[in-house]
Amino acid sequence: MLFDSLRDEFKAAGAAVDCGPIYPEVTSDEIRQYLRFQYDFQEPIPLEKVAADAERMLRHWQVQITHSRYFGLFNPGVTLSSVVADTLVATYNPQLAAWRTSPAANEIERHTLAWLGAKFGLPPDAAATFTNGGAEANLTAVIAALTHAFPDYGEDGVRSLDAAPVIYLSAQAHDSFSKIAHMTGLGRNALRVIETRANLKMDPRSLAEQIGRDREAGLAPFMVVGTAGSTAVGVIDPLPELADICRREKLWFHVDAAWGGAAIVSPSLRQYLAGIEDADSITCDAHKWFSVSMACGMFFCRHPGTVARAFRAQAGYMPNSDGAQVSDPYTHSVQWSRRFIGLKLFLSLAERGEAGQAAMIEHQTHLGNRLRELLLGSGWRIVNSTPLPLVCFTREGLDVPAFLADLRSHQVAWMSEAKVGGVRVVRACITNYKTTEADIEDVVEKITRLAMQQQPSQLSSISF
Ligand SMILES: Cc1ncc(COP(=O)(O)O)c(C=O)c1O
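Residues numbered from 1 in each chain as written. Predicted model: local features only at pLDDT ≥ 70, side-chain atom pairs only at ≥ 80, totals over all residues.

A closer look at the overall build of the chain
Across its full length, the chain holds 15 helices and eleven strands. Here the C-alpha coordinates of the chain stretch approximately 65 × 60 × 45 Å along the principal axes. Per-residue burial for the chain yields a buried fraction of 43% across its 464 residues. In the chain, 74% of the contacts between residues at least 6 apart in sequence involve partners at least 24 apart. (Helix = DSSP H or I, 4+ residues; strand = E, 2+ residues; numbered from the N terminus. Buried ≥ 20, exposed ≤ 12 C-beta atoms within 10 Å, placed from the backbone. Contact = placed C-beta atoms within 7 Å.)

Okay, here's the thing in structure tokens:
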């Protein structure tokens, strides 16, 4: 069976990645030259040979996202169930544009989304769809919010509106909103960046005041974005307060929980998402903290009628699902032809169960806490505050770019840079369910030594 060989291959590939380097040493020129030389697409090459070569390129020429010491940008170590799902999907290639074409896939997605939507506190008739990722889910949210607030937006566009629409978010919100403002015709200046408090959470008072000022200036506020687990520092905006303001001001409340949303399945962590149940729409990516492979985003919305209006489409050539009492995905989402994205999450949840999924998340949270503890005990300073496993840190006199370069050349771990209060710091997020406490202990010991010997002349004497 397909599954048996996949399990062995997955295990072997995982072990090989963990033993190898995390950072690639390659330039674009080297890769381009190699491809030009090897692949002119004139003579056929046996598939085994090309596949082996493609795997070799992936092994050597990429940051190893699934390495247990990749402390990265929310890209997870993936589960076997995702790999099985991706293989099944590619093999059967279901088309999810219409229900009639792939009833099984459509219903599996519907079932999975309904389960998660209920966890978020959304009503049973909420709209939900799988997306390529968080950026597409956020785009879907903005289109739905515009459609809700401005009845003429769909037919006559932004240019027909009496007042300029405004979206509110904090500087910690994901930068996809800037592109979305551009793409939707709102313009990037439609975003109002609201001040954060010292803890980097959006300040509700500043939000309320800015809305007031904008209304007085004749603008048309229509949407507030709260982030639950921000990309750079992992903060969760004060969702209940933002929900209150939105209710009072009649604004659409979107929660971007692309990473942090997975915490909803954890009995000990879901408290931090309080207020999400009042959202008009939610973004949550399974390809982040649910540890499934890319691409697997999700969009949830409590206004199915608005979503149906926003994405309505009719095409005589599409299979007709009338009479099946279903809605065709191409009529309530951004994409048309669509891959069976949701199987990965379905298999993952079914295989582990809710408790197993929660245990994965809680394990990583525990490691985040352990990382903080060890860093503090080794002279580092933590500069962010979040219950989620994302730690931003620095120490006296640290040259962050030079430190990250050392980390890379010694292949210690993958970490990135973040800016907190305009200051460069190191960012490490526990994104892999396979990472162990021993990994964390070893990495802290090594990075502390690196930082203490940051002088280039002394670097060569360090051995790992
Ligand atoms: C909070 C947040 N929202 C949205 C996104 C965009 O998600 P994607 O890269 O899946 O499109 C990210 C990506 O890291 C994110 O951190």
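Describing the site of the ligand
Near the ligand, the surroundings consist of 16 residues, among which G133, G134, A135, H174 and A258 are the closest. For the shell around the ligand, the leading source of residues is helix α6 (residues 134–149), giving three residues. In terms of residue class, the shell around the ligand is built from five nonpolar, nine polar and two charged. (Near = placed C-beta within 6 Å. Nonpolar A, V, L, I, M, F, W, Y, C, P; charged D, E, K, R; others polar.)

With respect to the sheet that holds strand β11 (residues 423–429)
Read across the sheet, four strands follow the order β8-β9-β11-β10 without closing on themselves; strand pairing throughout is antiparallel. A single partner strand is all that each edge strand has here, and the edge strands are β8 (381–382) and β10 (416–420). In this sheet, strand β9 (residues 390–394) lies alongside β8 in antiparallel orientation, the contact comprising two bridges. Bridge assignment links R381 to a residue of β9, and that residue is T394. Packed onto the sheet, helix α12 (residues 343–377) meets β8, β9 and β11 and runs at close to 15° relative to β9. (Pairing = 2+ DSSP bridges. Axes fitted to C-alpha atoms, helices over the stretch in contact; angles between N-to-C directions.)

Points about the nonpolar core
Ranked by size, the top nonpolar core spans 121 residues in total, and within it Y168, M223, V224, I276, M298 and F300 carry the most contacts. Those residues within four positions of F300 in sequence are excluded, and the remaining contacts are G117, F120, L122, A126, A128, S281 and I282. (Core = buried A, V, L, I, M, F, W, Y, C linked by C-beta atoms within 7 Å.)

Remarks on the packing of helix α9 (residues 204–216) against helix α10 (residues 239–249)
Running from N to C, α9 and α10 point in directions that differ by 20°, and their axes come no closer than 10 Å. Here α10 runs roughly parallel to α9, going by the angle between their axes. Classified by chirality, the crossing of α10 by α9 is right-handed. From α9, P204, L207, A208 and I211 reach across to α10, where they touch E241, L242, I245 and E249. Grouping the constituent residues of the contact of α9 with α10 by class yields six nonpolar, no polar and two charged. (Parallel < 35°, antiparallel > 145°, perpendicular 65-115°, else oblique. Left-handed = near helix turned anticlockwise from the far one by under 90°.)

Points about the pairing of β10
Across five bridges, the pairing between β10 and β11 is antiparallel. Within β11, the position partnered with A418 by the bridge is V425. The antiparallel pairing of β10 with β11 creates a hairpin that spans two residues between the two strands, and G421 there sits at a positive phi of about 60°.

Quick word on the packing of α12 against helix α14 (residues 437–452)
Describing two packed helices takes the angle between their axes plus the distance from one axis to the other. For the pair α12 and α14, the least separation of the axes is 10 Å and the interaxial angle reads 25°. As judged from the angle between their axes, α12 and α14 are roughly parallel. Considering only the axes of α12 and α14, their crossing is right-handed. Along the contact surface, α12 presents L367, R370, L371, L374 and L375, while α14 presents E437, I440, E441 and V444. Residues of the contact of α12 with α14, tallied by class, amount to six nonpolar, no polar and three charged.

Observations concerning the sheet that holds strand β3 (residues 191–194)
Pairing within the open sheet is mixed, and its seven strands lie in the order β1-β7-β6-β5-β4-β2-β3. Single-partner strands in this sheet number two, and they are β1 (127–131) and β3. Across the sheet, the mean angle separating the axes of adjacent strands is 20° when strand polarity is ignored. Note that strand β6 (residues 281–285) and strand β7 (residues 297–301) share five bridges and pair antiparallel. Bridging from a neighbouring strand, C284 pairs with M298 of β7. Here α9 sits on the sheet and contacts β2 (165–170), β3 and β4 (220–227); the angle it forms with β3, its principal contact strand, is near 145°.

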